[in-house]
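Here's the letter readout for the chains.
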Amino acid sequence: MRTTYPRQQPPARGARSWWGKAWVRAVEESAYAERDLKRGRLVARRGEVGGISVDSGSLLAAVREGDDAWTVDIAVPELGPDERRGLVEAVAAESGRIAALLAGDLPHDLVEHAEELGVELLPYGAELAATCACPHVLDPCPHALAVLVQVGWLVDADPLVLFAVRGLDREALLGELHARRSSYPDVAGPRTSASALADDVEVAADAVLRARRLAELLEAGADIPEGLL
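Residues numbered from 1 in each chain as written. Predicted model: local features only at pLDDT ≥ 70, side-chain atom pairs only at ≥ 80, totals over all residues. Heavy atoms only, no water.

**Brief notes about the packing of helix H3 (residues 81-92) against helix H8 (residues 170-182)**
A packed helix pair is summarised by two numbers, namely the angle formed by the two axes and the spacing between the axes.
(1) Moving on: At a minimum axis distance of 10 Å, the contact between H3 and H8 shows a crossing angle of 75°. Between H3 and H8, the angle falls in the class roughly perpendicular. Residue-level inspection shows Arg84, Val88, Glu89, Val91 and Ala92 of H3 in contact with H8, the latter providing Ala172, Leu173, Glu176, Leu177 and Arg180. (Axes fitted to C-alpha atoms, helices over the stretch in contact; angles between N-to-C directions. Helix = DSSP H or I, 4+ residues; strand = E, 2+ residues; numbered from the N terminus. Parallel < 35°, antiparallel > 145°, perpendicular 65-115°, else oblique. Contact = heavy atoms within 4.5 Å.)

Right, dumping it as structure tokens:
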């Protein structure tokens, strides 16, 4: 499902998370020249990148520079069916992992587990295939690098953006986790890992929705219902 993020404001500091730093390294690897990378970072921090559209295997944005505006299209390899199942299996392997993801954290052991199952979640430079309408000879051009830099800000704040780029967005991930749980019959006795996972999904999803609603009410200056706290 395509999601468009509004124009980004540069963070006060660089990437804070380990996965955000991994994305930054991939962007640096993708650049052909240091001058292109520096110009791309400058364009990104100036706020000249428009809304970024994220879809399965695709990043799309317009970049303004001076009186010109260019369309940037970036392709990132999607996970195949087996890789997708492997990633869901890695998330489901421990009950706390989905709660961590919904809270904006990407457990390092989740990524390691996924790699053991043949799933490379974090991209490397050569996988970031960019095209731009500008006349720059080499891709990625500074405009494409600016978009990639800003996508790094999104990924740093929410690792599920990385999942979405790879072809498994938040709704699809939760749906596959629920489907996985439903394939296990209910049994008496200790909770199965699938039951524990389902509980985590429901609790974490409820917490996210409550936090989102609370933020909306606080921003509007409205009264906070007792049941929301």
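**A short note on the nonpolar core**
(1) Moving on: Counting 60 residues, the largest nonpolar core has Trp23, Leu59, Leu87, Leu101, Phe163 and Leu173 as its most contacted members.
(2) Moving on: It is helix H6 (residues 142-157) that provides the largest number of residues to this core, a total of 10 residues.
(3) Moving on: Not counting the four nearest positions on each side in its chain, Trp23 is found in contact with Leu59, Pro123, Leu128, Leu148, Val151, Gly152, Val155 and Leu162. (Core = buried A, V, L, I, M, F, W, Y, C linked by side-chain atoms within 4.5 Å. Buried < 20%, exposed > 50% of the residue type's maximum accessible area, 1.4 Å probe, protein only.)

**What about the layout of surface pockets?**
(1) Moving on: Put simply, the largest pocket is a space of about 410 Å³.
(2) Moving on: Taken together, 18 residues make up the lining of the largest pocket; nearest its centre are Pro11, Arg13, Gly14, Ala15 and Trp153.
(3) Moving on: Among the elements of the structure, helix H1 (18-30), helix H2 (34-45) and H6 are those that each provide at least two residues to the lining of the largest pocket.
(4) Moving on: Of all the elements, H6 adds the most residues to the lining of the largest pocket, at 6 residues.
(5) Moving on: The calculated volume of the second largest pocket comes to roughly 190 Å³.
(6) Moving on: Around the second largest pocket sit Met1, Thr3, Tyr5, Val54, Asp158, Leu160, Val161, Ala164, Asp169, Arg170 and Glu171, which together line it.
(7) Moving on: Among the secondary structure elements, those contributing two or more residues to the lining of the second largest pocket are strand S1 (3-5), helix H7 (160-165) and H8.
(8) Moving on: Among the elements that take part in the lining of the second largest pocket, H7 stands out by supplying 3 residues, more than any other.
(9) Moving on: In terms of residue class, the lining of the second largest pocket is made up of 6 nonpolar, 1 polar and 4 charged. (1 Å grid on protein atoms, 1.4 Å probe; cavity = no way out; pocket = protein on both sides within 12 Å on 5 of 7 lines; lining within 4 Å. Points joined across faces, edges and corners; volume = space filled by probe spheres on them. Nonpolar A, V, L, I, M, F, W, Y, C, P; charged D, E, K, R; others polar.)

**Observations concerning the packing of H3 against helix H5 (residues 108-116)**
(1) Moving on: Interhelical geometry of H3 versus H5 gives an angle of 140° and a closest axis separation of 9 Å. Put simply, H3 runs oblique to H5. When the axes of H3 and H5 are compared, the crossing they make is right-handed. Seen from H3, the contacting residues are Leu87, Ala90 and Val91; seen from H5, they are Leu110, His113 and Ala114.
(2) Moving on: Tallied by class, residues from the contact of H3 with H5 come to 5 nonpolar, 1 polar and no charged. (Left-handed = near helix turned anticlockwise from the far one by under 90°.)

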